[in-house]
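Notes for the structure review
What follows is each chain in one-letter form.
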Amino acid sequence: MSDCLFCKIVRGDIPAKIAWSDDRVVAFHDINPQAPVHLLVIPKKHIASVSAIAPEDEALVGHVVRVAGDLAREFGIEAGGYRTVLNTGAEAGQTVFHLHLHLVGGRPMGWPPFPA
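Keep in mind that this is a model prediction, so the values were computed, not measured. (Residues numbered from 1 in each chain as written. Predicted model: local features only at pLDDT ≥ 70, side-chain atom pairs only at ≥ 80, totals over all residues. Heavy atoms only, no water.)

A closer look at the pattern of salt bridges
Where we set the bar: Here, a salt bridge means any side-chain nitrogen of Lys or Arg that lies within 4 Å of a carboxyl oxygen of Asp or Glu.
Per the stated rule, a full pass over the model turns up 5 salt bridges. Connected through salt bridges with shared partners, the residues R66, D70, R73 and E78 form a single ionic network.

Observations regarding helix α2 (residues 58-74)
We count it as follows: Helix and strand assignments follow DSSP, with helices taken as H or I runs no shorter than four residues and strands as E runs no shorter than two, numbered in order from the N terminus. For a helix, the expected span equals 1.5 Å multiplied by the residue count minus one. A 1.4 Å probe rolled over the protein chains alone gives each residue an accessible area, and that area as a share of the maximum for its type sets the label: buried under 20%, exposed over 50%, partly exposed in between. Any two residues whose heavy atoms approach within 4.5 Å at even a single point are treated as in contact.
Between the first and last C-alpha of α2 there are 24 Å, a value that for 17 residues agrees with the 24 Å anticipated at 1.5 Å per step. All buried positions along α2 are accounted for by L60, V61, H63, V64, V67, A68, G69, L71 and A72. Packing partners of the buried residues in α2 comprise β1 (18-21), β2 (25-29), β3 (37-43), β4 (82-85) and β5 (101-105). Looking at the residues trailing α2, positive phi occurs at G76, about 75 degrees.

Let's talk about unusual backbone geometry
The amide bond that connects W111 to the next residue, P112, takes the cis arrangement and shows omega of 5 degrees. Along the chain, P112 turns up in the segment after β5.

Structure follows, in structure tokens:
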């Protein structure tokens, strides 16, 4: 999708601080971090949200989640715990409509995760 912010990052049209990249996934530092570690892990293929995942995307989405676990280890937050978040839709806080997993850690987190 040509006007999608995250597709532009995937193409290299917009710079990002890349933490991981392979042929299917890219992970980069959030520009508004909510914790010492706050990465966005995205598929390079445009998928608008969790609701738009097609059966043929299941392996790709699994890869996104596995990469998040690898990055948690790499960034030293696995032992203390971390949060993964997939917001779906505007009311849930999704602001970029390209599937993205927030990997957040490095500080204690409460529940519920966000104030109402």
